[in-house]
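Read off the chains here:
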Amino acid sequence: MRVSEQSRLTARLGYLQNVTERLDLLQRQLATEKKVHRASDDPAGTVLSLGHRRDIAFEEQMRRNLSSGVAFMNATEAALDGATDALQRVRELTIRAANGPLGPDNRGAIAAEVDQLIGQLAQLANTNFAGAYIFSGHQTRTPAYDVTGSPPTAITFVGDTGERIRQISKQDKVAVNVSGVAVFGNIFDELLTLRDNLNTGATGSVIAASISVLDTAIDRMIDVRAEIGARVNRFEAAQRLSEKSDTDLQMLRAEIEDADITETVLQLSAQDVAFQAALQAIGRTSNMTLLNFLR
Amino acid sequence: MGISIGLDIAVKALRAHQLAVDVASHNLANATSPGFSRQRVLLRPLGIDGSDHFTRDALLGRTGFGVDASDVNRVRDIFLDYQQRQALGQRTQSETQAQALEKAELVFNDPSDDGLAAMLAQFWNAWHDVVNDPEGSAARTTLVHTTTTLASRIQRAHSNLTKQRDDLNYQVDAMGLRINAIADELAQLNFQVKQVELSGEMANDLRDRRDLLLDQLAEIGNIDVTEESDHTVTVKLGNHDLVSGAQSYAVEVVGDGGTPEMKNLQFVSDGVAVDVSSGELRGLLDARDTDMPALIAKLDTLAAKLIESVNTLHKTGYGLDDLAGPPGPERDFFSGTGAADIALHADLLSDPNKIAAAGGAGKPGDGSVALQIAELQMQATLGTQTFEEYYSSMVAVLGADVSRVQGLAASNQLLTNHLEAMRQSVQGVNIDEEVANLHAAQYAYQAAARVITTIDEMLDTLINRMAV
């Protein structure tokens, strides 16, 4: 084909343009470590990658839901442990008061300790965790139990049985709280009666009646405690699962979006050689005409 | 045959080769001028009576009458021009569309850590945080910030797309001036070419200029070019006459019937719309009237559905301080109706406690409505798609369009480059060739001069040496 000055010029510019474009792309991939910068770089991959990104963000939120849920339930467990201990102590005192030949002073001392334990229990029932009264159901801005008088004459549940339900995985929604009613039942009324009986010198058999009541309460508390413990385990398992899927998702996302650095570097140096070759070829031939040889 | 005739032949030869030198230098001077076609001197041997040497005189065994060099032609392949003009139109169409779509793609900036998709994810996550801690103010404040960011991001995307569409509109507007300028000059060139060529000369450089303008016009829209017997060209833009002889038909910019701010082109003479099937104008119109509105509509649908579905649930809920109910305060979460004006409702912005997370009055620890809203993330609210699926397919479809027109533009560019190379192969100047021609003409000139010297000597012999 006949070659003209114009076509030679256009062709040279074309070669250089092609090579610099490739160079530019590779440099950008290397600098950003990404091969997909825009959807047009890989439209089908973008759909997948945006899906992975959504799932990564969702799983991250699930882990946040799980860990704050675990913290909430840990606070519940701690309160339950304290309450169980207190009830055990009351039970011991009740047995002593029911069986032993005790004088009024000793009974008075026991009554005083029971009184103190009641206060302790009320405090535990009104545990506040991160701004929420954990046993109040949905009434989390107010204590679960209203304490009247000092020493208390009545302790009334003023919360509700509302469940704090949160999402812990795509499929599962779980409550993290237990209502005060489910944990404490009518134990405060029973304890106040026991204290009054101790103070008024009731007979041993009257006082002994409280023991079975206390047993029921302690059993209930242990049940709730086990239930919470199971939920915590479930949460922790879900958390591990979420972490695992996070790793998988990150890998899938990276496969679509991220540049293979080694490969890119190799390609870049190959393109660099091509670029230099093109420049040299042009430099060598471009100033060559018949004029160089005619006189 | 007389001696004076020999002298005449030599003088003709001198003139012819002088012309050849001029033409070679003209070619060399224009070696890189765009649109230039190299020119050739047509050397023609003459018979004694001025006819072609070989027709009659050769048969009679007579000698010729020298060389005739009156014509200088340009070397050009009009079929390649025709092909190139079609290819140029397709190339500029796809390039224009590619540019418009590439810009639109930048508006969404996805996949990335701070694209609209990430903002949406953060929005749902902020609702989960409210579910976890409905009575706390921290989660509510975060939700307020996240929502404000998301809403302003959607608004910004909408206004950017709208602005890009307006820019395309300005370009359509400006296109009218360009078409008219080219049409006017073509009409003028038609007149000049006709005048020059009537006298039997070739108007090579005028024709080059005319062809260059036709190339430029072909980049704007598909054209149809016919050369008439009077050497003028009749040019149609789309299917409508734009230039006929020395007459050009101007186009004007008019507002679209339905949307007056959108400009269209029409011919002044008869009000017929300029309708082209390729070229920059087609690309601009396609991008302005099809691609951009479709994108804006999708973004609008996304925003409107987000507003509607969140508000519907939010209305059933109760804020921290809402004690009455039912019915509750029936409060909107978003204000606005679409992508242009989506925003967090002003009431919630000033008092995050009004965010209706609870399912009933006086239940500060209840996040059930917030949970329902958070669950919208995974629901097929837009046909069979969730919000994020709708968004990602919108971005991916745009990306596929960008990639498609980019590919088209690249292959069209290859085609025009190839055709241009072929055209240049015919019409382009090759310096070596011209230098060789220059030398040939120089030697021929020297030879002709030598003929004159010879004849001079002959005359000298005849006049001075012959004894009378």
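Counting its regular elements, chain B contains ten helices and ten strands. Relative to the 2.2 N^0.38 estimate, which gives 23 Å for 468 residues, the radius of gyration of chain B is 38 Å and therefore markedly larger than a compact globule would have. With respect to the three principal axes, the spread of C-alpha positions in chain B is 145 × 45 × 35 Å. A buried classification covers 48% of the 468 residues belonging to chain B. The long-range fraction of contacts in chain B, counting pairs at least 24 apart against all pairs at least 6 apart in sequence, stands at 70%. Per element, the accessible surface of chain B, about 20900 Å² overall, is 54% carbon and sulfur. With 36 positive and 65 negative side-chain charges, chain B shows a spacing of 5 Å between the two charge centroids.

What follows deals with the interface of chain B and chain A. Counting residues at the interface gives 55 residues for chain B and 46 residues for chain A. When chain B packs against chain A, close to 4300 Å² is buried across both sides, 55% of that on carbon and sulfur atoms. Taken together, the connections running from chain B to chain A amount to six salt bridges. Counting across the interface, chain B meets chain A through 32 residue pairs in polar contact (both at pLDDT 80 or more).

So, about the sheet that holds strand β5 (residues 240-244) of chain B. All names here are of chain B. Across the sheet, four strands lie side by side as β3-β4-β5-β6; this open sheet has antiparallel pairing. In this open sheet, the two edge strands, each paired with only one partner strand, are β3 (223-227) and β6 (247-248). Here strand β4 (residues 233-237) pairs with β5 via three bridges, running antiparallel. Looking at the pairing, Lys236 lines up with Asp241 of β5. Sheet strands touched by helix α4 (residues 137-198): β4, β5 and β6. Its angle to β5, the strand with the most contacts, is close to 45°. Here helix α5 (residues 204-220) sits on the sheet and contacts β3, β4 and β5; the angle it forms with β3, its principal contact strand, is near 160°.

Here we take up the pattern of salt bridges. All names here are of chain A. Tallied over the entire structure, the rule returns 54 salt bridges over all chains. We note a salt bridge from Arg91 to Asp215, for which the minimum N-O separation is 2.5 Å. Here the residue Arg91 occupies a position in helix α2 (residues 43-99), and Asp215 occupies one in helix α6 (residues 204-257), the gap between them amounting to 124 residues. Owing to a relative accessible area of 27%, Arg91 belongs among the partly exposed residues under this scheme. A relative accessible area of 27% places Asp215 in the partly exposed class. The closest approach of N and O atoms between Asp115 and Arg195, which form a salt bridge, is 2.8 Å.

For the rest of this paragraph, the subject is the domain arrangement of chain B. Residues and elements named next belong to chain B. Its domain assignment divides chain B into domain 1 (2-75 + 428-464) and domain 2 (84-414). One C-alpha centre belongs to domain 1, the other to domain 2, and the line joining them spans 64 Å. Facing ten residues of domain 1, the contacting portion of domain 2 comprises eight residues. Buried area between domain 1 and domain 2, summed over both chains or domains, comes out near 710 Å², and the portion from carbon and sulfur atoms is 35%. For the domain 1 face of the interface with domain 2, the top three residues by lost area are Gly35, Gln39 and Arg74, together amounting to 58%. Measuring nitrogen to oxygen at the nearest pair gives 2.9 Å for the salt bridge that ties Asp211 to Arg74. Remark: the boundary between domain 1 and domain 2 carries seven residue pairs in polar contact (both at pLDDT 80 or more). With four residues, the single largest contributor to the side of domain 1 that touches domain 2 is strand β2 (residues 67-74).

As a further point, take unusual backbone geometry. With an omega of -5°, the peptide bond running from Ser150 of chain A to Pro151 of chain A counts as cis. Here Pro151 of chain A lies in the loop between β3 (145-148) and β4 (154-157). Backbone torsion omega between Asp110 of chain B and Pro111 of chain B reads 0°, so that peptide bond is classified as cis. Positive phi values are uncommon outside glycine, yet Glu33 of chain A reaches one of about 60°.

Residue and element names in this part refer to chain B. Counting across every chain of the model gives 15 aromatic pairs over all chains. Ring centres 5.0 Å apart and planes at 85° place the aromatic pair Phe333 and Phe334 in the edge-to-face group. Among the residues examined, Phe333 registers a relative accessible area of 0% and is labelled buried. What makes Phe334 buried here is its relative accessible area of 1%. What links up through ring pairs into an aromatic cluster is the set Phe123, Trp124, Trp127, Phe333, Phe334 and Phe387.

Judged by side-chain polarity, Leu462, Ile463 and Met466 of chain B come together as a nonpolar surface patch covering roughly 310 Å² of accessible area. Its place among the elements puts Leu462 of chain B in helix α10 (residues 431-465).

Another aspect to go through is the packing of helix α5 (residues 187-200) of chain A against α6 of chain A. All names here are of chain A. Where α5 contacts α6, the axes come no closer than 10 Å and their chain directions differ by 155°. Comparing their axes, α6 and α5 come out roughly antiparallel. Regarding α5 and α6, the two cross each other, and that crossing is left-handed. Residues Ile187, Glu190, Leu191, Leu194, Asn197 and Leu198 of α5 lie in contact with α6, whose contacting residues are Val206, Ile207, Ser210, Val213, Leu214 and Ala217. Of the residues in the contact of α5 with α6, the class split is nine nonpolar, two polar and one charged.

Turning to the domain arrangement of chain A, a few remarks are in order. Often, the extent of an interface is quoted as the loss of accessible area on bringing the components together. Splitting chain A by domain gives domain 1 (50-251) and domain 2 (260-295). Taking only C-alpha atoms into account, the centre of domain 1 of chain A sits 80 Å from that of domain 2 of chain A.

This part is about the side chain of Gln6 of chain A. Structurally, Gln6 of chain A is set in helix α1 (residues 5-32). Of the polar contacts made by the side chain of Gln6 of chain A, one reaches the backbone oxygen of Ser33 of chain B; its length is 3.3 Å. In contact with Gln6 of chain A, other than residues within four places in its own chain, are Ala31, Thr32, Ser33, Pro34 and Gln424 of chain B.

Each value, and the rule that gives it
Residues numbered from 1 in each chain as written. Chains lettered and ligands numbered in written order. Predicted model: local features only at pLDDT ≥ 70, side-chain atom pairs only at ≥ 80, totals over all residues. Heavy atoms only, no water. Helix = DSSP H or I, 4+ residues; strand = E, 2+ residues; numbered from the N terminus. Rg over C-alpha atoms; globule rule 2.2 N^0.38 Å. Buried < 20%, exposed > 50% of the residue type's maximum accessible area, 1.4 Å probe, protein only. Contact = heavy atoms within 4.5 Å. Areas by Shrake-Rupley, 256 points an atom, 1.4 Å probe, with all protein chains shown as cover. Lys, Arg positive; Asp, Glu negative; His and termini not counted. Charge placed at Lys NZ, Arg CZ, Asp CG, Glu CD. Buried area = accessible area lost by both parts, 1.4 Å probe. Salt bridge = Lys/Arg side-chain N within 4 Å of Asp/Glu carboxyl O. Polar contact = N/O pair within 3.5 Å; in protein donor to acceptor, adjacent residues only side chain to side chain. Pairing = 2+ DSSP bridges. Axes fitted to C-alpha atoms, helices over the stretch in contact; angles between N-to-C directions. Domains from an automatic or database assignment. Phe/Tyr/Trp six-rings, centres within 6.5 Å; stacked < 30°, edge-to-face > 60°. Patch = residues over 30% accessible without salt bridge, like charges linked within 9 Å, V, L, I, M, F, W, Y side chains within 5 Å. Parallel < 35°, antiparallel > 145°, perpendicular 65-115°, else oblique. Left-handed = near helix turned anticlockwise from the far one by under 90°. Nonpolar A, V, L, I, M, F, W, Y, C, P; charged D, E, K, R; others polar.

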